[in-house]
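Chain residues, written in single-letter form:
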Amino acid sequence: FGRKAAEYREGLYVGYRYYESAGIPVAFPFGHGLSYTAFSYRNLVVKGEAPRLRVTVTVTNVGAVPGAETAQLYLVPPAGGPYRPVRELRSFAKVFLRPGESRAVTFSLEERDFSLWQEEGWRLAPGRYRLLVGASWEEIRATLQREQVALIGEEDPETPWKIAGVDGETLDFLRRTADLVLVEA
């Protein structure tokens with residue numbers, strides 16, 4: 001029969017990232033789970049020093065029986081930037097709640113969550129990001145009021161997707177239209 005070799009390759013678009021990017025419906029979306037109760041999400045708040053953020057959301061058991069919910073934080077990268085999935089899971093937390101009970105669930109975002117791998121290592125990728133929290137990638141239940149975080153980078157001819165030459169007027173506009181403005185050092 002001879003010696004045969006199988007080569008395995010994997011890119012960014014594996015699993016839910018592929019199905020969402022290709023617009024293919026699935027029976028059970030990434031993060032899907034079954035429960036005998038129902039949950040609501042409210043009060044999504046972002047705090048911290050850029051680019052290290054704490055994202056908090058209140059999860060409430062609105063059903064009649066105790067249950068567990070896994071809240072998931074997704075990051076939507078800037079449009080028109082480098083090759084990336086439509087959204088990426090960045091954190092998740094499981095919470096057990098009795099009927100009517102609420103609990104704040106907190107996620108942490110670090111610089112690497114906003115970064116891309118390049119030949120020289122991880123680099124912060126500036127642009128406007130959206131933060132989404134939900135029970136699965138199809139069941140998004142909480143977003144920021146203005147739904148975005150702006151990252152501003154320095155001019156870099158090697159990475160044209162970076163924002164070059166941000167003046168004071170542009171920075172003021174971003175501060176008015178984005179929930180957070182993160183300035184790369």
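Residues numbered from 1 in each chain as written. Predicted model: local features only at pLDDT ≥ 70, side-chain atom pairs only at ≥ 80, totals over all residues. Heavy atoms only, no water.

Structural notes on the sheet that holds strand S1 (residues 39-49)
Basically, it comes down to this: For two strands to be treated as a pair, DSSP must find at least two bridges joining them. Helix and strand assignments follow DSSP, with helices taken as H or I runs no shorter than four residues and strands as E runs no shorter than two, numbered in order from the N terminus. Axes, fitted as lines to C-alpha atoms, cover a helix only where it is in contact. Angles between the N-to-C directions of the axes lie from 0 to 180 degrees.
The three strands are arranged S1-S2-S5 in an open sheet whose pairing can be described as antiparallel. The open sheet has two edge strands with one neighbour each: S1 and strand S5 (102-109). Each strand axis lies, on average, 20 degrees off the axis of its neighbour in the sheet, ignoring direction. Taken together, the eight bridges between strand S2 (residues 52-61) and S5 define a ladder with antiparallel strand orientation. Looking at the pairing, Val55 lines up with Phe107 of S5.

Quick notes on the nonpolar core
Selection rule: Only buried residues count toward a nonpolar core, which is a set of Ala, Val, Leu, Ile, Met, Phe, Trp, Tyr and Cys residues joined through side-chain atoms within 4.5 Å. Residue exposure (1.4 Å probe, protein chains only): buried if accessible area is under 20% of the type maximum, exposed if over 50%, otherwise partly exposed. A contact between two residues is defined here by any heavy atoms of the two lying within 4.5 Å.
Judged by nonpolar contacts, the single largest core of 26 residues is most densely connected at Tyr41, Val55, Val57, Val59, Val105, Phe107 and Val133. Residue contacts for Val57: discarding those within four places in its chain leaves Tyr41, Arg42, Asn43, Leu44, Arg103, Ala104, Val105, Phe107, Val133 and Ala142. Core analysis: the second largest hydrophobic core is formed by five residues, Tyr16, Tyr74, Val76 and Trp137 among them.

Regarding a nonpolar patch on the surface
Heads up, the rule is: Residues forming no salt bridge and having over 30% relative accessible area are the ones grouped into patches, like charges within 9 Å of each other and nonpolar side chains (Val, Leu, Ile, Met, Phe, Trp, Tyr) within 5 Å. Every accessible area reported is derived by Shrake-Rupley at a probe size of 1.4 Å, with residue values counting cover from the shown protein chains alone. Salt bridges are counted wherever a side-chain nitrogen of Lys or Arg sits within 4 Å of a carboxyl oxygen of Asp or Glu.
Residues Tyr18, Tyr19 and Ile24 make up a contiguous nonpolar surface patch of roughly 260 Å² in combined accessible area. Along the chain, Ile24 falls in the loop between helix H1 (16-22) and S1.

A look at the confidence of the model for the protein
In regions of low pLDDT, the predicted coordinates are not meant to be interpreted in detail. Counted only if it meets this: pLDDT is a residue-level measure of predictor confidence that goes from 0 to 100.
The predicted model of the protein has a mean per-residue pLDDT of 79, with 76% of residues at 70 or higher. Of the regions scoring below 50 in pLDDT, residues 154-167 engages in 27 contacts with residues more than four places distant in sequence or in other chains. Contacts from residues 179-185, a stretch scored under 50 in pLDDT, to residues over four places away or in other chains number 32 contacts.

Here's the deal with the pattern of salt bridges
Counting across every chain of the model gives 11 salt bridges. Notably, a salt bridge pairs Arg84 with Glu88, separated by 3.1 Å at the nearest N-O pair. Comparing Arg84 with Glu88 shows no difference in burial state: the two are buried. Across the pair Arg90 and Asp113 runs a salt bridge, and its minimum N-O distance is 3.9 Å. In this pair, Arg90 sits in strand S4 (residues 88-97) while Asp113 sits in the loop between S5 and strand S6 (115-118), placing the two residues 23 residues apart along the sequence. Taking the relative accessible area as the measure of exposure, Arg90 reaches 22% and is therefore partly exposed. Residue class for Asp113 comes out buried when judged on its relative accessible area of 15%. Linked by salt bridges that have partners in common, Arg17, Arg84, Glu88, Arg90 and Asp113 make up one network.

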